[in-house]
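Residue-level structure breakdown
The chain contents come next:
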Amino acid sequence: MNSNLYDFGLVGLGVMGRNFLLNIADHDFAVVGLDLDLEKVTSLQHEGSSKKVKATQDKTEFIRSLARPRRIMMLVPAGGPVDAVINDLLPLLDKGDIIIDGGNSFFKDTDRRIESLKSSGISFFGLGVSGGAEGARKGPSMMAGGDAEAYSHVQPIFEAVSAKVNGEPCVARVGNGSAGHYVKMVHNGIEYGLMQIIAESYDLMKYALGYSNAQIAARFDEWNAGRLQSFLIEITAEIFKQKDELTGGDLIDLISDKAKQKGTGKWISQNALDLGTPIPAIDASVSMRAISSFKQEREKAMLLYPKSQDDPTMITIEELEATVFFSFILTFAQGMKQLDEASELYGFDLHLAEIAKIWRGGCIIRASLLEEIRSAFADNSALEHLLFENDIVEMVNELLPKVNNVVGVAANTGIPVLGIGASLNYFNAFRSARLPLNLIQAQRDYFGAHTYERTDRPGVFHTNW
Ligand code: 6PG
């Protein structure tokens, strides 16, 4: 390789792109960045002056600077900007070059891009990158999908810059085609689910247990030292300690309760419906963000339907911790199941133990529970469902009475627990050898002659009701 050439190119020098580029440079790779914004180019050149870093606004200079096969990663907003960058660079690229999309792109867009670039001999990778701006700088978790041979050209760089757990890199080629972006979508669905469950536990601590913000912070800190250890519980404890610079009060009390979303959570719910794989705990978290946006209606309805004034202190903090842990298990179980189904349908060839492994560090859903999930799928790659794993069975049976009590108290006191409730109801449906859906079949046949099957003999039947 010509030593004047750069190992890696990065398009899009926003916070994520710039941080990721500097992370690569920290590991002694030569990196060149491209952005149309002069300010971003100049400031990166300044910050990277002691490293093997170059930044430019000129795409021809960018392409000429790269060693071949060229390894070019985009960190630009999903959608149109990704296609725009591809179209812009394509005439300058050669057969064998590799383009990586590190944004939160919809997996079907990634499939389309892989297909359309095939005729030019360009390998296109969908790369899920998790960990936010800090992760990008210090070590993200990365989920790559695409051609195995092309991956070998980026693997050393990705492994160097990724987060590490017990010395193992939190990056892998998780599967074929758009597998990387699919796995990231599921990651984000689980992220939504866990966040919602934690938010519900905050509501229960505040209104069922009467905790102050300081007490809530202390509990989350305690939880983070136990089986609930996770990035999201950890940052939640920090959030409850944060004071507002303007008023001196607790910042959490001043933040609007209308939650926003960029779309990845919605995609997984839509795709789950397509696949026929139920993920109600994740659906609930997407729905709760939508419900939260109806502020005016919520204020009006509160006056019409006042909540019970009964003393709600009938749960213990231990029961609540058990409920959150149960709901975490159920949310992960639903996400893993969806990965399993999608792997088959889309031909991704996913390995669930490998995915759990690279989620243990760097990403938003990192949690000590993932080590148990990893080992469950590593011990038995044919495991149909996380809820069938022996240790999980034991844990869930032990947690259940506590969860039942918490959900009952939440219902009595009008505290909404869509995420926790969906976890419990999914579980109850999953463990019901008999469901009342024979009635649905009867109703369908009654009004639409849709026919039904019988329990006592084979065949398809219709009744003149
Ligand atoms: C990550 C995050 C990241 C981003 C989400 C936020 O893994 O680092 O998931 O991708 O924070 O896209 O999504 P919403 O705006 O939909 O909450």
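Our subject is the structure that appears above.
The text that follows walks through the structure, step by step, so that each part is easy to find. (Residues numbered from 1 in each chain as written. Predicted model: local features only at pLDDT ≥ 70, side-chain atom pairs only at ≥ 80, totals over all residues. Heavy atoms only, no water.)

Attention now goes to the overall build of the chain. When you go through the chain residue by residue, the secondary structure sums to 19 helices and 10 strands. Its C-alpha radius of gyration of 25 Å places the chain within 12% of the 23 Å reference for a compact globule of 465 residues. If you line up the chain on its principal axes, its C-alpha atoms span 75 × 70 × 45 Å. Residue burial in the chain is summarised as follows: out of 465 residues, 50% are buried. (Helix = DSSP H or I, 4+ residues; strand = E, 2+ residues; numbered from the N terminus. Rg over C-alpha atoms; globule rule 2.2 N^0.38 Å. Buried < 20%, exposed > 50% of the residue type's maximum accessible area, 1.4 Å probe, protein only.)

Turning our eyes to something else, we now look at the site of the ligand. The ligand sits among 14 residues. The nearest are S130, E191, Y192, K262 and R289. Note that an oxygen atom of the ligand is positioned 2.4 Å from one of the side-chain N or O atoms of Y192. One of the side-chain N or O atoms of R289 is found 2.8 Å from an oxygen atom in the ligand. For the ligand, whose accessible area on its own is 420 Å², the fraction buried by protein is 79%. When residues of the shell around the ligand are assigned to their parent elements, the largest contribution, five residues, is made by helix α8 (residues 179–207). (Near = heavy atom within 4 Å. Polar contact = N/O pair within 3.5 Å; in protein donor to acceptor, adjacent residues only side chain to side chain. Areas by Shrake-Rupley, 256 points an atom, 1.4 Å probe, with all protein chains shown as cover.)

Formed by 88 residues in total, the largest nonpolar core has its most connected members in L204, L339 and W359. Sequence-distant contacts of W359, that is, excluding residues within four places in its chain, are made with S141, M143, V183, V186, H187, I190, M336, L339, I365, R366 and L370. Core analysis: the second largest hydrophobic core is formed by 31 residues, F20, F29, M142 and Y151 among them. (Core = buried A, V, L, I, M, F, W, Y, C linked by side-chain atoms within 4.5 Å. Contact = heavy atoms within 4.5 Å.)

Let's shift gears to helix α1 (residues 15–26). The end-to-end C-alpha separation of α1 is 16 Å, in line with the 16 Å expected for 12 residues at 1.5 Å each. The buried fraction of α1 amounts to nine of the 12 residues, a majority that puts the element mostly inside the structure. Burial in α1 covers these residues: G17, R18, N19, F20, L21, L22, N23, I24 and A25. Downstream of α1 by a residue or two, D28 has a phi angle that is positive, lying close to 70 degrees. (Expected span 1.5 Å × (residues − 1).)

With that settled, consider the environment of G226. Mapped onto the fold, G226 is located in the loop between α9 (213–224) and α10 (231–241). Here the alpha-carbon distance between G226 and E321, two residues 95 residues apart in the chain, equals 9.9 Å.

Turning to the packing of α8 against α10, a few remarks are in order. Packing of α8 against α10 leaves a shortest axis separation of 11 Å and a crossing angle of 40 degrees. Our classification of the angle between α8 and α10 gives oblique. Note on packing geometry: the crossing formed by α8 with α10 is right-handed. Contact residues: α8 offers E191, L194, M195, I198 and Y202, while α10 offers L232, I233, T236 and F240. Looking at the contact of α8 with α10, its residues break down into seven nonpolar, one polar and one charged. (Axes fitted to C-alpha atoms, helices over the stretch in contact; angles between N-to-C directions. Parallel < 35°, antiparallel > 145°, perpendicular 65-115°, else oblique. Left-handed = near helix turned anticlockwise from the far one by under 90°. Nonpolar A, V, L, I, M, F, W, Y, C, P; charged D, E, K, R; others polar.)

For E398, the position within the fold is in helix α17 (residues 390–413). Note on E398: relative accessible area 41%, which makes it partly exposed. The sequence separation of E398 and F326 amounts to 72 residues, and the corresponding C-alpha distance is 9.7 Å.

On to the packing of helix α11 (residues 264–275) against helix α12 (residues 280–292), then. In the contact formed by α11 and α12, the axes pass within 9 Å of each other and the chain directions differ by 135 degrees. With respect to their mutual orientation, α11 and α12 come out oblique. Once α11 is placed against α12, the crossing between them reads as left-handed. Each of G265, K266, I268 and S269 in α11 lies in contact with α12, whose residues at this interface are I282, D283 and V286. Class assignment for the residues of the contact of α11 with α12 results in three nonpolar, two polar and two charged.

Taken together, the side chains of I291, F294 and L418 make up a nonpolar region of the molecular surface, amounting to roughly 240 Å² of accessible area. Mapped onto the secondary structure, L418 falls in helix α18 (residues 418–430). The class for L418 is partly exposed, based on a relative accessible area of 34%. (Patch = residues over 30% accessible without salt bridge, like charges linked within 9 Å, V, L, I, M, F, W, Y side chains within 5 Å. Salt bridge = Lys/Arg side-chain N within 4 Å of Asp/Glu carboxyl O.)

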